[in-house]
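Each chain is listed here by its residues.
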Amino acid sequence: MANPFRRPESRSAERDPRLPPGQYDTGSSFPVLTAEVTPRLDTAQWTFRIDGLVDEPVTWTWDEIQALPRSTFDGDIHCVTTWSKLGTSFAGVSVDVLLDAASVSPTATHVVAWSHTGYTTNLPIADVTGGKAWVVWEHEGQPLPVEHGGPARLLVPHLYFWKSAKWVAGLRLLDHDEPGFWETRGYHDRGDPWREQRYAGD
Amino acid sequence: MTEASLPPLPQIGPVTRRPPVGGPPRTWQTGTVVEIRDETPRMKTFRLSLAEGAVHVPGQHLMVRLTAPDGYTAQRSYSIASAPGEGSEVELMVERLVDGEVSGYLHDELRVGDSLEVRGPFGGWFVWNGRSPALLVGGGSGVVPLMSMLRHHRAAGITQPMRLVVSVRSPEDLPFADEYAEETTLIFTRRTPDGWARPAGRLDAATLEPLLIDGATAYVCGSTGFAEHASQLLVSLGAPVGSVRVERYGPTS
Ligand SMILES: Cc1cc2nc3c(=O)[nH]c(=O)nc-3n(C[C@H](O)[C@H](O)[C@H](O)COP(=O)(O)OP(=O)(O)OC[C@H]3O[C@@H](n4cnc5c(N)ncnc54)[C@H](O)[C@@H]3O)c2cc1C
């Protein structure tokens with residue numbers, strides 16, 4: 001019979017209240033998890049587009065999006081593979097600002113975020129509005145590294161991190177839910193870490 | 001603006017595996033250790049007998065959960081190394097990391113007859129269903145899901161071309177050492193066996209280029225550093241970006 005598993009002494013006895021169930025603190029590291037080849041995107045050609053059920057589809061260039069009001073996030077992120085990174089920071093622009101510019105149709109209920117790589121992920125509008133989501137290009141004061149989605153990624157920190165599409169290229173407004181890359185491959189449709197919504201059916 | 005007039009969004013690849021309708025029966029179940037084999041000084045294979053079984057596709061992983069007497073838990077993902085179709089038994093192959101909470105426990109404490117909790121299988125992208133040629137590129141413990149593919153290829157007598165590239169530091173670090181045949185190219189990055197033709201060094205274009213297979217899906221797995229290097233090499237050699245599937249195990253490189 002094995003010795004029972006124990007909490008390692010190096011890890012604090014008090015579980016950090018910022019950790020959702022089943023998550024552990026990865027400390028200062030920032031693991032990389034991606035299903036596809038890391039793309040090399042040139043900011044000179046980079047664009048971000050909002051289309052679908054909007055009055056006016058809008059496309060921003062790199063310089064144009066940088067000129068929008070800056071917004072920062074300070075807090076925690078949670079990956080479905082069970083690491084969390086606590087007390088980190090990102091800067092960019094609030095998705096509220098982007099959606100306002102395009103004027104979302106009242107019939108829209110969901111967005112699909114899509115990436116320059118073809119990655120997609122779906123979100124109800126309520127999860128990307130009201131100061132809950134950003135397009136970010138800075139991490140802890142530095143330009144966002146390419147392996148973490150640079151030049152810019154979506155940031156939806158209250159959901160598992162696969163919703164925060166790396167190398168984001170746009171948001172499409174829809175009047176229905178359209179499951180994205182991981183959501184059609186066994187992962188949960190919404191991905192709330194506090195409810196441990198890791199896999200379909202959780 | 002109507003949806004019909006919108007340009008289609010780009011796509012990475014078709015859905016190759018959907019979860020069962022109505023949600024998968026993926027509750028936690030007990031896995032009892034029926035065999036432990038040393039692969040290398042830092043790697044062990046654990047053969048588990050699952051109470052309810054689990055039908056996997058090569059490339060998928062299980063979630064393993066350890067629970068302390070005080071209720072504290074830790075869960076990690078481990079790829080399945082065995083081929084599908086071995087009844088209710090599966091094999092995991094775990095590398096012991098320095099101060100690794102879960103890998104350390106599995107290596108130091110777990111014995112035959114002990115049990116742990118597992119859930120899965122999971123993963124619907126880094127999977128090979130046997131219907132396309134496959135180029136498998138693994139670094140260190142990243143060879144685990146690729147071994148499931150190779151074992152399946154052999155056990156099921158699949159005729160699709162398959163090649164495997166395994167990169168490790170030195171001969172002592174090579175898991176599954178007696179299972180490689182002519183489909184496999186071994187890369188030693190620090191030290192080679194005596195009389196080895198290729199000098200020690202990381203995987204390079206000259207080594208990889210002749211191994212490319214037309215129309216193949218490439219599966220790259222390993223540490224972040226290895227996966228990044230190998231996947232960029234494949235693309236630089238002309239492999240279509242959409243044909244390269246990557247699984248990254250974590251922060252170490
Ligand atoms: C899909 C998937 C499949 C995988 N398949 C496999 C597989 O087949 N085989 C395999 O071996 N691994 C696999 N992994 C990796 C595995 O899930 C674990 O990440 C790995 O075993 C390390 O877990 P651990 O608990 O031992 O180490 P952790 O405790 O998580 O630590 C990892 C490293 O970081 C350091 N560290 C982290 N946090 C702290 C801290 N607070 N204090 C001190 N040090 C710290 C440790 O020193 C250690 O070296 C897979 C990962 C994924 C995502």
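Residues numbered from 1 in each chain as written. Chains lettered and ligands numbered in written order. Predicted model: local features only at pLDDT ≥ 70, side-chain atom pairs only at ≥ 80, totals over all residues. Heavy atoms only, no water.

1. Some remarks on the overall build of chain B
Helix and strand content of chain B: four helices and eleven strands. Against the globule reference of 18 Å for 253 residues, chain B gives a C-alpha radius of gyration of 19 Å, in line with a compact fold. Projected onto its principal axes, the C-alpha positions of chain B cover 65 × 50 × 35 Å. Counting the 253 residues in chain B, one finds 56% classified as buried. Within chain B, contacts between residues at least 6 apart in sequence are counted, and of these 66% link residues at least 24 apart. (Helix = DSSP H or I, 4+ residues; strand = E, 2+ residues; numbered from the N terminus. Rg over C-alpha atoms; globule rule 2.2 N^0.38 Å. Buried < 20%, exposed > 50% of the residue type's maximum accessible area, 1.4 Å probe, protein only. Contact = heavy atoms within 4.5 Å.)

2. Focus: the sheet that holds strand E8 (residues 162-168) of chain B
Residues and elements named next belong to chain B. Taken together, the five strands give an open sheet; going across it, the order is E9-E8-E7-E10-E11, and neighbouring strands pair in parallel fashion. Both edges of this open sheet fall to strand E9 (184-188) and strand E11 (244-248), since each of them pairs with a single strand only. Going from strand to strand, the sheet's axes swing by 10 degrees on average, the running direction of each strand aside. Pairing of strand E10 (residues 217-222) with E11, which is carried by five bridges, proceeds in the parallel orientation. Paired with alanine 218 across the strands is valine 244, a residue of E11. Contacting strand E7 (134-139), E8, E10 and E11, helix H4 (residues 224-236) runs over the sheet at an angle of about 170 degrees to E11. (Pairing = 2+ DSSP bridges. Axes fitted to C-alpha atoms, helices over the stretch in contact; angles between N-to-C directions.)

3. Topic: the state of the cysteines
Under the criterion given, the structure shown has zero disulfides over all chains. With no disulfide partner, Cys221(B) has as its closest neighbouring cysteine sulfur the one in Cys79(A), 15 Å distant. (Disulfide = S-S within 2.5 Å.)

4. Focus on the domain arrangement of chain B
Residue and element names in this part refer to chain B. Domains assigned within chain B are domain 1 (3-122) and domain 2 (134-249). Distance from the C-alpha centre of domain 1 to the C-alpha centre of domain 2: 22 Å. Buried area between domain 1 and domain 2, summed over both chains or domains, comes out near 1,500 Å², and the portion from carbon and sulfur atoms is 55%. The tally of links between domain 1 and domain 2 comes to one salt bridge. Of the charged contacts, one joins arginine 151 and glutamate 91 as a salt bridge, the two residues approaching to 3.7 Å between their closest N and O atoms. Taken together, the connections running from domain 1 to domain 2 amount to seven residue pairs in polar contact (both at pLDDT 80 or more). For the side of domain 1 that touches domain 2, the class distribution of residues is nine nonpolar, eight polar and four charged. (Domains from an automatic or database assignment. Buried area = accessible area lost by both parts, 1.4 Å probe. Salt bridge = Lys/Arg side-chain N within 4 Å of Asp/Glu carboxyl O. Polar contact = N/O pair within 3.5 Å; in protein donor to acceptor, adjacent residues only side chain to side chain. Nonpolar A, V, L, I, M, F, W, Y, C, P; charged D, E, K, R; others polar.)

5. Details of the packing of aromatic side chains
For any pair of aromatic rings, the description rests on two quantities: the centre-to-centre distance and the angle between the ring planes. Counted by the stated rule, this structure contains 19 aromatic pairs over all chains. Between the aromatic rings of Trp46(A) and Phe48(A), the centroid separation amounts to 6.4 Å while the plane-to-plane angle is 20 degrees, which identifies the pairing as stacked. The pair Trp46(A) / Phe48(A) is uniform in exposure class, with both members buried. Ring geometry for Tyr187(A) and Tyr199(A): centres 5.1 Å apart, planes at 45 degrees, overall tilted. Taken together, the residues Tyr187(A) in the segment after strand E11 (168-174) and Tyr199(A) in the segment after E11 connect sequence positions twelve residues apart. Grouped by ring-pair contacts, the aromatic residues Tyr119(A), Tyr160(A), Trp162(A), Phe181(A), Trp182(A), Tyr187(A), Tyr199(A), Phe122(B) and Trp125(B) constitute a single cluster. Seen from the ring of Trp28(B), Arg65(B) lies directly overhead, with NZ or CZ sitting 4.1 Å from the centre. Against the face of Tyr24(A) rests Arg76(B), its NZ or CZ located 3.7 Å from the ring centre. (Phe/Tyr/Trp six-rings, centres within 6.5 Å; stacked < 30°, edge-to-face > 60°. Lys NZ or Arg CZ within 6 Å of the ring centre and 35° of its normal.)

6. Points about the site of the ligand
All names here are of chain B. Neighbouring the ligand are 21 residues; Ser77, Tyr78, Val98, Val102 and Ser103 lie closest to it. Interatomic distance of 2.6 Å between a side-chain N/O atom of tyrosine 78 and an oxygen atom of the ligand. At a separation of 2.9 Å, an oxygen atom of the ligand approaches a polar backbone atom of glutamate 95. Burial of the ligand by the protein chains amounts to 81% of its free accessible area of 970 Å². The leading source of residues in the shell around the ligand is strand E4 (residues 73-79), at four residues. Grouping the amino acids of the shell around the ligand by side-chain chemistry returns nine nonpolar, six polar and six charged. The residue makeup of the shell around the ligand includes at least three contributed by each of domain 1 (3-122) and domain 2 (134-249). (Near = heavy atom within 4 Å. Areas by Shrake-Rupley, 256 points an atom, 1.4 Å probe, with all protein chains shown as cover.)

7. Things to note about the interface of chain B and chain A
Residue-level contacts link 50 residues of chain B with 51 residues of chain A. When chain B packs against chain A, the two sides together hide about 4,300 Å² of surface, and 58% of this comes from carbon and sulfur. Connecting chain B to chain A are two salt bridges. Note that Arg40(A) and Glu228(B) form a salt bridge whose closest N and O atoms lie 3.1 Å from each other. Along the contact surface separating chain B from chain A lie 13 residue pairs in polar contact (both at pLDDT 80 or more). For the side of chain B that touches chain A, the secondary structure elements donating two or more residues are strand E3 (61-67), E4, helix H1 (101-108), strand E6 (115-122), H4 and E11 of chain B. For the side of chain B that touches chain A, the leading source of residues is H4(B), giving five residues.

8. Structural notes on the environment of Pro199(B)
Residues and elements named next belong to chain B. Within the fold, proline 199 resides in the loop between E9 and helix H3 (205-208). Residue classification places proline 199 among the exposed residues on the basis of a relative accessible area of 62%. Ignoring anything within four residues of it in the chain, the contact list for proline 199 reads Phe188 and Thr192.

9. Digging into the pairing of E11(B)
The buried fraction of E11(B) amounts to five of the five residues, a majority that puts the element mostly inside the structure. Alternating positions in E11(B) separate into two faces, Val244(B), Val246(B) and Arg248(B) on one and Arg245(B) and Glu247(B) on the other, with burial throughout.

10. Considering the pairing of strand E6 (residues 110-115) of chain A
Strand residues, when the strand is regular, have side chains that alternate between the two faces of the sheet. Residues and elements named next belong to chain A. Across the six residues of E6, six count as buried, placing the element largely inside the fold. The alternating pattern of E6 places His110, Val112 and Trp114 and Val111, Ala113 and Ser115 on opposite faces, both of which are buried. Relative to strand E7 (residues 120-124), E6 runs antiparallel, the two sharing five bridges. When the sheet's bridge partners are listed, valine 111 is paired in E7 with leucine 123. Hairpin connection between E6 and E7: a loop of four residues separates the two successive antiparallel strands, and glycine 118 in this loop has a positive phi of roughly 100 degrees. Bridge count between E6 and E11: six bridges; the pairing is antiparallel. By the bridge assignment, valine 112 is partnered in E11 with arginine 172.

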